[in-house]
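The lines below spell out each chain.
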Amino acid sequence: MDSHLAVKNLIQKYNEKEILNVSDLEVKKGETLVILGPNGAGKSTFLRILSLLEKPTHGEVFLSGKPISSLSDKLSVRRKMVMVFQEPLLFNTTVFKNVSFGLKVRHYNKAIVKARVENILNKLEIAHLAGTSASKLSGGEAQRVSLARALVLEPELLFLDEPFAFLDIPTKEALMEDLTKIIKERKLTVICVTHSRDEALAMADKIAIMDGGKILQIGSPEEVFNFPVSESVANFVGMETILEGEIVEVQNGLLKIKTHGQEIEVANDSKPEGKVLLGIRGENVVLASFNKVATSARNKYKATIVEIISLGSTLKIYLDCGFPLISLVTKRSAEELELEVGKTIVANFKATAVHVIR
Ligand code: ADP
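Anyway, here's the lowdown on the structure attached to this text.

Parameters at a glance
- Residues numbered from 1 in each chain as written.
- Predicted model: local features only at pLDDT ≥ 70, side-chain atom pairs only at ≥ 80, totals over all residues.
- Heavy atoms only, no water.
- Pairing = 2+ DSSP bridges.
- Helix = DSSP H or I, 4+ residues; strand = E, 2+ residues; numbered from the N terminus.
- Axes fitted to C-alpha atoms, helices over the stretch in contact; angles between N-to-C directions.
- Contact = heavy atoms within 4.5 Å.
- Buried < 20%, exposed > 50% of the residue type's maximum accessible area, 1.4 Å probe, protein only.
- Patch = residues over 30% accessible without salt bridge, like charges linked within 9 Å, V, L, I, M, F, W, Y side chains within 5 Å.
- Areas by Shrake-Rupley, 256 points an atom, 1.4 Å probe, with all protein chains shown as cover.
- Salt bridge = Lys/Arg side-chain N within 4 Å of Asp/Glu carboxyl O.
- Phe/Tyr/Trp six-rings, centres within 6.5 Å; stacked < 30°, edge-to-face > 60°.
- Lys NZ or Arg CZ within 6 Å of the ring centre and 35° of its normal.
- Core = buried A, V, L, I, M, F, W, Y, C linked by side-chain atoms within 4.5 Å.
- Near = heavy atom within 4 Å.
- Polar contact = N/O pair within 3.5 Å; in protein donor to acceptor, adjacent residues only side chain to side chain.

Here's the deal with the sheet that holds strand E9 (residues 206–211)
Read from one edge to the other, the open sheet built from 6 strands follows the order E6-E7-E8-E3-E9-E10, with strand pairing classed as mixed. Whereas interior strands pair on both sides, the edge strands pair on one side only; in this sheet they are strand E6 (81–84) and strand E10 (214–219). For this sheet the average axis-to-axis angle between neighbouring strands, irrespective of direction, equals 15°. In terms of strand pairing, strand E7 (residues 157–161) meets strand E8 (residues 189–194) through 5 bridges, oriented parallel. Opposite phenylalanine 159, over in E8, you have isoleucine 191 as the bridge partner. Its contacts with the sheet place helix H5 (residues 139–151) against E6 and E7, and it is angled at close to 170° to E6.

In structure tokens:
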């Protein structure tokens, strides 16, 4: 895959204070990078620089390998990029007029405008709202219109700044699913910033954890969630195992999923196909001694303890079962089980404890 957007030795200062310091980052064509971090981490500042809305104090942004400063036609570069913000900024007119605005500014003829607008309204499931005034839309509908207005321009690069922050969970989940479909269909390169782990997992091919203006770790969701490089990343990504798997069997509410050469059974009423992303919360992973296991849990694995981290009254146990697994246990049960790094035990979790993220 080719590099689409990259930065080198980037520093942004406001009033002499360093807000951002990213020595190296690359996003490949067709990839969705989610920049995940707490409020004030510098995410929005970074996004403004990547989308060329703001110039950095030092360093350079590269588009398809070329430094932006060397490109003569800046307007055509900008036209490949669109940004969608947290709050939909809509004109007080119909949905159709809102969505067609950008194409009209670019002097497309009426037939093309109509076809493109109708296409994107359909894709975002808001075709029935074409004649509705933007002032009458719900929050979720308004954000769909805002995305339609961006996507109708057929950008190559889409920048999203906390676009789901104000939406309730079902509205957000439906929108993320529809948007991800469009992103993959159109092979868009996407950079999304958010403070929400759920949003990052729902969207990302790659996750960059940002704090204090720096990227602390970058990798696949599996890498970042299961193998955090530092305690601060571990604290931020939480207590969940994330696994990439492939569906091998679907029957009566039970899925068989292959991951790292092992099988996991998952209770799930939907019928997903192909690749899936799974989440297992640490508190649902039960440990037992290797020689006395009696459990009805479907998923039972021989596991080696890789690392033990104390979180006060609980311990976070990193396990290797052929696939990585995180378990949370109380200090007391850890003592009873005589847990220590290198020891072999049995880890199990119920089929209902695994959720299919996407
Ligand atoms: P995030 O998007 O992760 O919440 P921001 O990029 O908005 O973080 O902000 C990072 C830091 O930079 C914050 O401390 C913020 O106050 C500061 N900051 C952002 N924009 C400006 C600005 N234009 N002038 C001065 N300080 C700013």
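So, unusual backbone geometry
For residues that are not glycine, phi is negative in most cases, and the peptide bond is trans in most cases. Positioned with a positive phi, asparagine 15 is a non-glycine residue whose angle comes to about 45°. Tracing the backbone through its elements, the reader meets asparagine 15 in the loop between strand E1 (3–14) and strand E2 (17–28). Residue asparagine 15 is classed as exposed on the basis of its relative accessible area of 77%. With phi around 50°, lysine 187 is a residue other than glycine that occupies positive phi space. Its place among the elements puts lysine 187 in the loop between helix H6 (169–185) and E8. By relative accessible area, which is 65% here, lysine 187 ends up exposed.

Quick look at a nonpolar patch on the surface
On the surface, a nonpolar cluster with roughly 300 Å² of combined accessible area is contributed by Leu53, Phe85 and Leu89. Inspection of the secondary structure puts phenylalanine 85 in the loop between E6 and helix H3 (95–105). With a relative accessible area of 34%, phenylalanine 85 lands in the partly exposed category.

Considerations on the environment of arginine 186
Along the chain, arginine 186 turns up in the loop between H6 and E8. Taking C-alpha positions, arginine 186 is 8.3 Å from glycine 30, a pair spaced 156 residues apart along the chain. If we skip the residues at most four places from it in the chain, arginine 186 touches Asn119, Ile120, Leu151 and Glu154.

What to know about the packing of aromatic side chains
Geometry of an aromatic ring pair is reported as the spacing of the ring centres plus the angle between the planes. Counted by the stated rule, this structure contains 3 aromatic pairs. Centroid distance phenylalanine 91 to phenylalanine 101: 4.9 Å. Interplanar angle 65°. Geometry classified as edge-to-face. You can see phenylalanine 91 sitting in the loop between E6 and H3 and its partner phenylalanine 101 sitting in helix H3, a full 10 residues away along the chain. Residue classification places phenylalanine 91 among the partly exposed positions, given a relative accessible area of 39%. On the basis of an interplanar angle of 25° and a centroid distance of 5.8 Å, the ring pair of tyrosine 301 and phenylalanine 349 is categorised as stacked. A residue pair is termed long-range when its members are at least 10 positions apart, and tyrosine 301 in strand E16 (residues 299–310) and phenylalanine 349 in strand E19 (residues 344–349) qualify at 48 residues. As far as burial versus exposure is concerned, tyrosine 301 and phenylalanine 349 are alike and both buried. One aromatic cluster in this structure is built from Tyr301, Phe323 and Phe349. In this arrangement the basic side chain of arginine 116 is found over the ring face of tyrosine 108, its NZ or CZ atom lying 4.7 Å from the centre. Positioned above the aromatic ring of phenylalanine 236 is the side chain of arginine 197, whose terminal nitrogen or guanidinium carbon lies 5.4 Å from the ring centre.

Overview of the nonpolar core
Soluble globular proteins: nonpolar side chains tend toward being buried together. Within the largest apolar cluster, 50 residues are counted, with the highest numbers of intra-cluster contacts made by Val99, Leu124, Leu158 and Leu160. It is H5 that contributes the most residues to this core, 6 residues altogether. Among residues more than four places away in sequence, those in contact with leucine 158 are Val82, Val84, Ala150, Leu151, Ile183, Leu188, Thr189, Val190 and Ile191.

Section: the site of the ligand
Every residue lining the ligand is accounted for by Tyr14, Ile19, Pro38, Asn39, Gly40, Ala41, Gly42, Lys43, Ser44, Thr45 and Arg48. A distance of 2.7 Å separates an oxygen atom of the ligand from a polar atom in the backbone of glycine 40. A distance of 2.9 Å is found between an oxygen atom of the ligand and a side-chain nitrogen or oxygen belonging to lysine 43. When the ligand is considered free in solution it has 560 Å² of accessible area, and contact with the protein chains removes 59% of it. Broken down by element, the shell around the ligand gets its largest block of residues, 4 residues, from helix H1 (residues 43–50).

Without other data, these values stay purely geometric and don't point to any function.
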